[in-house]
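The lines below spell out each chain.
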Amino acid sequence: MNRRPLVEALQRRPVSRPPLWIMRQAGRYLPEYRQLRERHSFQEAVSTPKLAAEITLQPIRRFGMDGAVIFADIMTPIEAMGVDITFDPGPRLRPHTLKDVIALGELDSDQVGFVAETIHLVRDAIPEETAVIGFAGAPITVLAYLVEGGGTKDFLAFRSAVRMDPSAAAEALEILARATNRYLAMQIAAGADIVQLFDTWMGLLDRSTVERLAIPAARKSLAGLRVPRIYFAPGASHTLDLQPKIGADGYGVDWRIPIDEAWDRLGDVAVQGNLDPAVLLTDPDTIRREVEHLLARTAGRSGHVVNLGHGIDRNTPPEHLTALVEAVRS
Ligand code: CP3
């Protein structure tokens, strides 16, 4: 029944060409986004369904990707749980102890009803074959922001808090995993065709902590969700063999190792990504060459989703994304 190429590929069914979307495709590299942001703050745009849907649709209109990723942030459900957050441009908040995080309690889905409304508006506006992509931050990454109070170079406060009290960390992750699972289920009920869990800072951790804390929390976040689920942790090549324990359908990989090598380590799953975002800062000839290399390495495997190895850089010329889309489709 479902004829959305992105969904089919993640289910590892045959597709006529690999589907494509781009992490951070809705955002600052687009002049129409920057224009809208002159009149509205980031948080106002996220929490106003008409604006969030408009930003979600901007890259679809220009490039026609196979998936529309809903405009929001990994910290959106945390704000809904009562944490004061500002964006400058990354999230800034009061540093939390593990105890503070445990005290956050449950997410009330009504507090993120604007995300459901955005999903309805996007579904009504995109082509039938385009997938709606919901997302959330993985518990360990969200915990990293909560403990640090924002992005830092090495997240040392977070790493030392986890080392000092692993059982409190596990309890805090349990709270975050429950909220994440509820948030993703709400997005799926509203019409998300697939969901992605972003685990941006998991790769900072050693294998043992990943195995004991990060992976069980990611697994709980995705448990029982009945659409294809992607897990993505950049800078985490040292954990590729552990990641399948999360139980996702597809795994995103960064650019640091060749995609076929990453795929062999992950095993029998769908695989997404691997193009270095720096490639989009080069020129159309280089972009075509890199796409050919990528597709040569995945030839003959089912379940490949074209994407970058991390978010698109804000200085990317939009025409370079056009060149990428054309190279994949030709
Ligand atoms: O197009 C999309 O991918 C959808 C929307 C989206 C945003 N953030 C919008 C946003 C998604 C999926 C995210 C995920 C996110 N947010 C991650 C995981 C992905 C990754 O890149 O590792 C992380 C770590 C965050 C936290 C965050 N929010 C940071 C570090 C920043 C700083 C700026 C940046 O773009 O690097 C933000 C703010 C933010 N989230 C912006 C956007 C478009 C920039 C807001 C602006 O200044 O207009």
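Residues numbered from 1 in each chain as written. Predicted model: local features only at pLDDT ≥ 70, side-chain atom pairs only at ≥ 80, totals over all residues. Heavy atoms only, no water.

Caption draft 1: Seen up close, the sheet that holds strand β4 (residues 131–137). Taken in spatial order, the seven strands of this open sheet run β1-β4-β5-β6-β7-β8-β9, and their pairing is parallel. Taken across any chain shown, the strands that pair with only one partner, and hence form the sheet edges, are β1 (67–69) and β9 (304–305). Note that β1 and β4 share three bridges and pair parallel. Looking across to β4, one finds that A68 is bridged to V132. Packed onto the sheet, helix α10 (residues 166–190) meets β4 and β5 (194–198) and runs at close to 165 degrees relative to β4. (Pairing = 2+ DSSP bridges. Helix = DSSP H or I, 4+ residues; strand = E, 2+ residues; numbered from the N terminus. Contact = heavy atoms within 4.5 Å. Axes fitted to C-alpha atoms, helices over the stretch in contact; angles between N-to-C directions.)

Caption draft 2: Expanded view of the pattern of salt bridges. Enumeration according to the criterion identifies 25 salt bridges in this entry. The salt bridge partner of R3 is E8, with a shortest N-O separation of 3.3 Å. Since its relative accessible area comes to 63%, R3 is described here as exposed. Residue classification places E8 among the buried residues on the basis of a relative accessible area of 8%. Across the pair R4 and E128 runs a salt bridge, and its minimum N-O distance is 2.9 Å. Pair noted here: R4 is in the segment before α1 (5–10) and E128 is in the loop between α7 (113–125) and β4, with a separation of 124 residues, a long-range link. With a relative accessible area of 11%, R4 lands in the buried category. If you follow the salt bridges from partner to partner, you end up with R4, R123, E128 and D193 in one network. (Salt bridge = Lys/Arg side-chain N within 4 Å of Asp/Glu carboxyl O. Buried < 20%, exposed > 50% of the residue type's maximum accessible area, 1.4 Å probe, protein only.)

Caption draft 3: Structural detail: the environment of L173. Within the secondary structure, L173 sits in helix α10. Residue classification places L173 among the buried residues on the basis of a relative accessible area of 3%. In the structure, L173 is positioned 30 residues away from L143 in sequence and 7.3 Å away in space, judged by C-alpha atoms. Those residues in contact with L173, other than ones at most four positions away along the chain, are P139, I140, L143, L213 and A217.

Caption draft 4: Representation of empty space enclosed by the protein in the model. Within this structure, the stated rule accounts for three cavities of 30 Å³ or more. In this structure, the largest cavity encloses a volume near 70 Å³. Mapped onto the lining of the largest cavity, the elements with two or more residues apiece are α5 (76–80), β4 and α10. For the lining of the largest cavity, the element with the most residues is α10, which contributes three residues. Classifying every residue of the lining of the largest cavity gives eight nonpolar, two polar and no charged. (1 Å grid on protein atoms, 1.4 Å probe; cavity = no way out; pocket = protein on both sides within 12 Å on 5 of 7 lines; lining within 4 Å. Points joined across faces, edges and corners; volume = space filled by probe spheres on them. Nonpolar A, V, L, I, M, F, W, Y, C, P; charged D, E, K, R; others polar.)

Caption draft 5: Focus on the layout of surface pockets. Within this model, the largest pocket holds a volume of roughly 1,200 Å³. Lining the largest pocket are 41 residues, with R24, R28, D73, P89 and G90 positioned closest to its centre. Looking at the lining of the largest pocket, the elements that each hand over two or more residues are α2 (31–39) and β3 (91–93). Residue composition of the lining of the largest pocket, grouped by class: 23 nonpolar, nine polar and nine charged. When its volume is computed, the second largest pocket comes out at roughly 190 Å³. Lining the second largest pocket are 16 residues, with R17, P18, T298, R301 and H304 positioned closest to its centre. Here the residues of the lining of the second largest pocket are counted per class, giving seven nonpolar, six polar and three charged.

Caption draft 6: Up close: the site of the ligand. Taken together, 22 residues surround the ligand, and among them R24, R28, Y33, D73 and T200 come closest. A distance of 2.5 Å is found between an oxygen atom of the ligand and a side-chain nitrogen or oxygen belonging to R24. With respect to the ligand, the side chain of T200 contributes an N or O atom lying 2.7 Å from an oxygen atom. Judged by its atoms lying within 2 Å of the grid points, the ligand is housed in the largest pocket. (Near = heavy atom within 4 Å. Polar contact = N/O pair within 3.5 Å; in protein donor to acceptor, adjacent residues only side chain to side chain. Sits in = over half its atoms within 2 Å of the grid points.)

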